[in-house]
Amino acid sequence: KEKLTSAMASALAYLADVNDYPSNKMLLDMIPEQDRNSLSAKWLINKVEVLSHQIIGAECPGFTFIDNNGKSIGLKDFRGKIVVLDFCASWCGPCRREIPNIKKVYAEFKDKGLEVVGVSIDHSDEAWKKALEEEKLDYLQLSDPKSVTAKLYNYNGIPFIILISPEGIILNKEIGR
């Protein structure tokens, strides 16, 4: 630790491309405040800031997308309810295999305040809507064709499922992995 310079700590974070909050925060903490003006230190500061909103216990990042009926719906619309976010796609076999489990949980808890929100990263509107029809999904489905949520929630594989409190706090993530 004593031999690691500020530039080395931020370069290590960049080169390692580790996307978890504790590792990046540890490296940032090695850089004294007076040495945080370099481009690499600023990059690490930004990365830690972004990751701090993706950890369990953090307020979950908001978004607004279009549902399969063309209505604009935001995550904040569900405050007061427990939310299961299911990031998925029509072409994803594991996502499609997870649907019966999600349907079962939704059927059991929807009357107790649980909302399930499927967020599809399909680029094709037709493929997304075809999968909705085939799977006969009875919970809300939103379209994220530009995969904006991948960066917001720091996922690089699907299905990626997150549990959110009524206050909008991430309770658990990567459920089922």
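Model, not experiment: these values are computed from the prediction.

Considering the pairing of strand β7 (residues 170-173)
Stage number 1. Looking at chain direction, strand β6 (residues 160-164) and β7 are connected through three bridges and run antiparallel. Across the sheet, the residue bridging to Ile-162 is Lys-173, located in β7.
Stage number 2. Between β6 and β7, which follow one another and run antiparallel, lie five residues, and Gly-168 among them has a positive phi close to 85°.

Here we look at the nonpolar core
Stage number 1. Counting residues in hydrophobic clusters, the biggest one holds 25 residues, and the most contacted among them are Leu-75, Leu-85, Phe-87 and Tyr-153.
Stage number 2. At the level of secondary structure, the elements contributing two or more residues to this core comprise β3 (82-88), β4 (114-120), β5 (140-143) and β6.
Stage number 3. With four residues, the single largest contributor to this core is β3.
Stage number 4. Setting aside chain neighbours within four positions, we find Leu-85 in contact with Phe-63, Leu-75, Val-117, Val-119, Tyr-153, Phe-160, Ile-161, Ile-162 and Ile-164.

A word on the state of the cysteines
Stage number 1. Inspection of every chain in the model, using the stated rule, returns one disulfide.
Stage number 2. Linked covalently through their sulfurs, Cys-92 and Cys-95 form a disulfide whose S-S length is 2.5 Å. The sign of the 75° torsion about the S-S bond sets the Cys-92-Cys-95 disulfide as right-handed. For the pair Cys-92 and Cys-95, one class covers both residues: buried.
Stage number 3. Among the cysteines around Cys-60, which has no disulfide bond, Cys-88 carries the closest sulfur, lying 17 Å off.

Remarks on the packing of aromatic side chains
Stage number 1. For the coordinates displayed, the defined rule picks out seven aromatic pairs.
Stage number 2. Grouped by ring-pair contacts, the aromatic residues Phe-63, Phe-65, Phe-87, Tyr-153, Tyr-155 and Phe-160 constitute a single cluster.

Some words on the packing of helix α4 (residues 93-109) against helix α5 (residues 125-135)
Stage number 1. At a minimum axis distance of 12 Å, the contact between α4 and α5 shows a crossing angle of 50°. As summarised for this structure, α4 and α5 are arranged oblique, according to the angle between their axes. When you trace α4 past α5, the crossing you get is right-handed. Touching Arg-96, Ile-99 and Lys-103 of α4 are Ala-131, Glu-134 and Glu-135, all from α5.
Stage number 2. Grouping the amino acids of the contact of α4 with α5 by side-chain chemistry returns two nonpolar, no polar and four charged.

Details of the sheet that holds β3
Stage number 1. In space, the seven strands of this open sheet follow the order β2-β1-β5-β4-β3-β6-β7, with mixed pairing throughout. Strand pairing shows two members of the sheet lacking a second neighbour, β2 (72-74) and β7, which therefore form its edges. This sheet shows a mean twist of 35° between the axes of neighbouring strands, independent of strand direction.
Stage number 2. As judged from the four bridges shared by β4 and β5, these two strands associate in the parallel manner. Counterpart to Ser-120 in the pairing with β5 is Ser-143.
Stage number 3. In this fold α4 packs onto β3, β4 and β6, with an angle of close to 160° to the strand it touches most, β4.
Stage number 4. Sheet strands touched by α5: β1 (64-67), β4 and β5. Its angle to β5, the strand with the most contacts, is close to 170°.

So, the side chain of Asp-144
Stage number 1. In this fold, Asp-144 is placed in the loop between β5 and α6 (148-153).
Stage number 2. Here Asp-144 is buried and forms no salt bridge, its nearest opposite-charge partner Lys-146 lying at an N-O distance of 8.7 Å.
Stage number 3. In terms of polar contacts, Asp-144 uses its side chain to reach the backbone amide nitrogen of Val-148, at 2.8 Å.

Procedures and definitions
- Residues numbered from 1 in each chain as written.
- Predicted model: local features only at pLDDT ≥ 70, side-chain atom pairs only at ≥ 80, totals over all residues.
- Heavy atoms only, no water.
- Pairing = 2+ DSSP bridges.
- Helix = DSSP H or I, 4+ residues; strand = E, 2+ residues; numbered from the N terminus.
- Core = buried A, V, L, I, M, F, W, Y, C linked by side-chain atoms within 4.5 Å.
- Buried < 20%, exposed > 50% of the residue type's maximum accessible area, 1.4 Å probe, protein only.
- Contact = heavy atoms within 4.5 Å.
- Disulfide = S-S within 2.5 Å.
- Phe/Tyr/Trp six-rings, centres within 6.5 Å; stacked < 30°, edge-to-face > 60°.
- Axes fitted to C-alpha atoms, helices over the stretch in contact; angles between N-to-C directions.
- Parallel < 35°, antiparallel > 145°, perpendicular 65-115°, else oblique.
- Left-handed = near helix turned anticlockwise from the far one by under 90°.
- Nonpolar A, V, L, I, M, F, W, Y, C, P; charged D, E, K, R; others polar.
- Lys, Arg positive; Asp, Glu negative; His and termini not counted.
- Salt bridge = Lys/Arg side-chain N within 4 Å of Asp/Glu carboxyl O.
- Polar contact = N/O pair within 3.5 Å; in protein donor to acceptor, adjacent residues only side chain to side chain.

In short, shape yes, function no, at least from these values alone.
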